[in-house]
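# Analysis of the macromolecular model
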Amino acid sequence: MAQNQPKSSLEELIDDNLRKVYRQVEDEAVPDRFLALLDQLKQQEDPHDK
Amino acid sequence: MTNETVAKDPRDEIVEHLPALRAFAVSLTRNGSQADDLVQDTIVKAWKNFDKFQQGTNLRAWLFTILRNTFYSAKRKSRREVADTDGLLASTLAEKPHHDGRLAMVDFEKAFATLPAEQREALILVGASGFSYEEAAETCNVAVGTIKSRVNRGRARLAELLDVGPDQAMELTDAPTVAVVASSMQPRRGIV
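The shown structure was predicted, so the numbers you read here are calculated from the model rather than taken from an experiment.

## Looking at the domain arrangement of chain B
All names here are of chain B. Domains assigned within chain B are domain 1 (13–81) and domain 2 (84–182). With ten residues of domain 1 at the interface, the matching set in domain 2 holds ten residues. Put simply, the parts of the chain that give the side of domain 1 that touches domain 2 at least two residues each are α1 (18–29) and α3 (59–77). When the residues that make up the side of domain 1 that touches domain 2 are grouped by side-chain class, the tally is five nonpolar, three polar and two charged.

## Quick notes on the packing of α1 of chain B against α3 of chain B
All names here are of chain B. The N-to-C vectors of α1 and α3 enclose an angle of 30°; their axes lie 10 Å apart at closest approach. In this view, α1 runs roughly parallel relative to α3, as classed from their interaxial angle. Between α1 and α3 lies a crossing whose hand is right-handed. Contacts between α1 and α3 involve Ala20, Leu21, Phe24, Ala25, Leu28 and Thr29 from the first element and Arg60, Leu63, Phe64, Leu67, Arg68 and Phe71 from the second. Residues that form the contact of α1 with α3 fall into these classes: nine nonpolar, one polar and two charged.

## Quick word on unusual backbone geometry
All names here are of chain B. Look at Arg30: it is not a glycine, yet its phi comes out positive at around 60°. Inspection of the secondary structure assignment puts Arg30 in the loop between α1 and α2 (32–48). At Asn141, a residue that is not glycine, the phi angle is positive and equals roughly 55°. Along the chain, Asn141 turns up in the loop between α7 (133–140) and α8 (144–161).

About the thresholds
- Residues numbered from 1 in each chain as written.
- Chains lettered and ligands numbered in written order.
- Predicted model: local features only at pLDDT ≥ 70, side-chain atom pairs only at ≥ 80, totals over all residues.
- Domains from an automatic or database assignment.
- Contact = placed C-beta atoms within 7 Å.
- Helix = DSSP H or I, 4+ residues; strand = E, 2+ residues; numbered from the N terminus.
- Nonpolar A, V, L, I, M, F, W, Y, C, P; charged D, E, K, R; others polar.
- Axes fitted to C-alpha atoms, helices over the stretch in contact; angles between N-to-C directions.
- Parallel < 35°, antiparallel > 145°, perpendicular 65-115°, else oblique.
- Left-handed = near helix turned anticlockwise from the far one by under 90°.

Laid out in structure tokens, this is it:
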């Protein structure tokens, strides 16, 4: 591939949409269940917790 | 030394990757609740196998690998997946995309959802999540060339599905580029 070849508009268009699809979810707040799960996993491993 | 080994637990970093994990999971499952179940399984597996993670290497890529392996092994088990991608598209893509040089998001997502999972993941990893081809290849445990070809086939198929073929590209870009696009977007109808 030529080194300085700019991305085609079509490719940009598609990548742009890919990023949108991805970010839509990425920008959502992480559901509490996952934070709770991580806490729980941690607790299980530290039985000598305060 | 006190009992307080407050040295940061590297596992605490997992939380930083949750948004990306969810986004990757949705792109694989195409279903929110399934995606979150997948993320949940991934977290548990990652936690239990954290000793296998090499400190200093790419944690996100490692987590993504676990997620996709979990996804594919579950998929292999339940072969209930609809294989008919074209039929699905026909029923969902009722309207043609707007011909204003912009893809309507909804059309794009529908088209994207019809791609084979391996193309979706390659496109998402390289096109959206910022992985290099090398990182994506490692994550998917395939050769770099394989990732490249999946990305290319995925892009070509999307262009085809969305009817952003050479005609529309013409409106978007100059003639020399169109020629390049047109030739590179030509779906292979059999190897000559």
